[in-house]
Amino acid sequence: MDQRVRKTRQRLRTALFELLEQQSIESITTTKLCQVAGISRRTFYIHYGNVTEIFEDYENDMANLVAQRLTQTEGSAAKLLETFDQILMANFKGFKYLCLNEKHHQLMDRIQRMLFQTFSTSLFDAELTGTQQIILNTLTTGLINAYVYWFAHPDALSYDELIQVNQRLVETLMTEITR
C-alpha cells in the first residue's frame, strides 16, 4: 500500500478514535470526521464508503496483527499472554471501543478463537482431549472477558492488577490442562 494511502487511513482512524471518546460511531458524520482528520470529503470517499468502514478496516488489521504476532511467539503461555497484552495496550483506544460496543463482539470472538488455536498449537505437541479443549477454551474466553470487564469498569482494578489476574488465570488453567 502506498505511503500516502497509509497516512490518510491512519489520520482517519486517529480522528475516528478521538470522536469515539465522545459519541457513538453511528452519530459520527463524514463531515465531522474529515474535519478532525484534516482531509477533504472527496479524499475520504476515495478510501471508504462510510465511517463504519474505517472501523471494519481497523478490526481486520487488528485480527491479522494478533494472529501474526501470536504465531511468531514461541515459548510459554505466559509469553503468549505478554505478547497479546502488548498488542492490546499498543492499540488501547480501538480495543476499548471493541470491548465496550456489542456490535463488535464478532471480532472479540474471532480473537478468542485465534488465542485458543495459538495456545493449542504453540504449547501442546499432541492433540488435546475434550476436557483439555474445554479448559483451554475457558482460559482464552476468560482472558478476553477480563479485558472487556476492565475496559467497562476501569476503577475496579488497576492495569497491573489485571495483568496479575490474567497471569494467575493462565497458570491455574494451564496446570489443569497438563494434569
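Before reading further, recall that the structure is shown in the block above.
Summary of the structure given here. (Residues numbered from 1 in each chain as written. Predicted model: local features only at pLDDT ≥ 70, side-chain atom pairs only at ≥ 80, totals over all residues. Heavy atoms only, no water.)

Right, let's get into the overall build of the chain. Tallying secondary structure elements over the chain gives 9 helices and 0 strands in all. Walking the chain from its N terminus toward its C terminus, one meets helices and strands in the order α-α-α-α-α-α-α-α-α. Over its C-alpha atoms, taken along the principal directions, the chain stretches across nearly 60 × 35 × 25 Å. A total of 179 residues make up the chain; the buried ones form 43% of that total. Nonlocal contacts in the chain, meaning residues at least 24 apart in sequence, comprise 63% of its contacts between residues at least 6 apart. Separation of charge centres in the chain, based on 18 positive and 21 negative side chains, amounts to 10 Å. (Helix = DSSP H or I, 4+ residues; strand = E, 2+ residues; numbered from the N terminus. Buried < 20%, exposed > 50% of the residue type's maximum accessible area, 1.4 Å probe, protein only. Contact = heavy atoms within 4.5 Å. Lys, Arg positive; Asp, Glu negative; His and termini not counted. Charge placed at Lys NZ, Arg CZ, Asp CG, Glu CD.)

With that settled, the discussion passes to the pattern of salt bridges. Taken as a whole and assessed by the stated rule, the structure comprises 7 salt bridges. The shortest N-O distance in the salt bridge between Glu 176 and Arg 179 comes to 3.1 Å. Since its relative accessible area comes to 30%, Glu 176 is described here as partly exposed. One network of salt bridges, with partners in common, ties together Arg 9, Arg 13, Asp 57 and Asp 61. (Salt bridge = Lys/Arg side-chain N within 4 Å of Asp/Glu carboxyl O.)

Between the first and last C-alpha of helix H7 (residues 105–123) there are 26 Å, a value that for 19 residues agrees with the 27 Å anticipated at 1.5 Å per step. Every buried residue of H7 is listed here: Leu 107, Met 108, Ile 111, Gln 112, Met 114, Leu 115, Phe 116, Thr 118, Phe 119 and Ser 120. Where the residues of H7 are buried, they touch helix H4 (51–72), helix H5 (77–90), helix H6 (92–100) and helix H8 (130–152). (Expected span 1.5 Å × (residues − 1).)

Here the structure, examined in full by the defined rule, presents 10 aromatic pairs. The interplanar angle of 80° and the centroid separation of 4.9 Å between the aromatic rings of Phe 17 and Tyr 58 together place this pair among those described as edge-to-face. Pair noted here: Phe 17 is in helix H1 (residues 3–20) and Tyr 58 is in helix H4, with a separation of 41 residues, a long-range link. Across the pair, Tyr 58 and Phe 17 agree in class, each one buried. With 5.0 Å between their ring centres and 90° between their planes, Phe 44 and Tyr 45 make a pair best called edge-to-face. In this structure Phe 44 comes out as buried when scored by relative accessible area, which is 0%. Overall, the relative accessible area of 41% leaves Tyr 45 in the partly exposed class. A connected cluster of aromatic rings, assembled from ring pairs, spans Phe 92, Trp 150, Phe 151 and Tyr 159. (Phe/Tyr/Trp six-rings, centres within 6.5 Å; stacked < 30°, edge-to-face > 60°.)

The next thing to look at is the side chain of Thr 30. Inspection of the secondary structure puts Thr 30 in helix H2 (residues 30–37). Within the local environment of Thr 30, its side chain forms a polar contact with the side chain of Tyr 45, the two groups lying 3.3 Å apart. When residues no more than four places from it in sequence are discounted, the contact partners of Thr 30 are Arg 41, Phe 44, Tyr 45 and Val 51. (Polar contact = N/O pair within 3.5 Å; in protein donor to acceptor, adjacent residues only side chain to side chain.)

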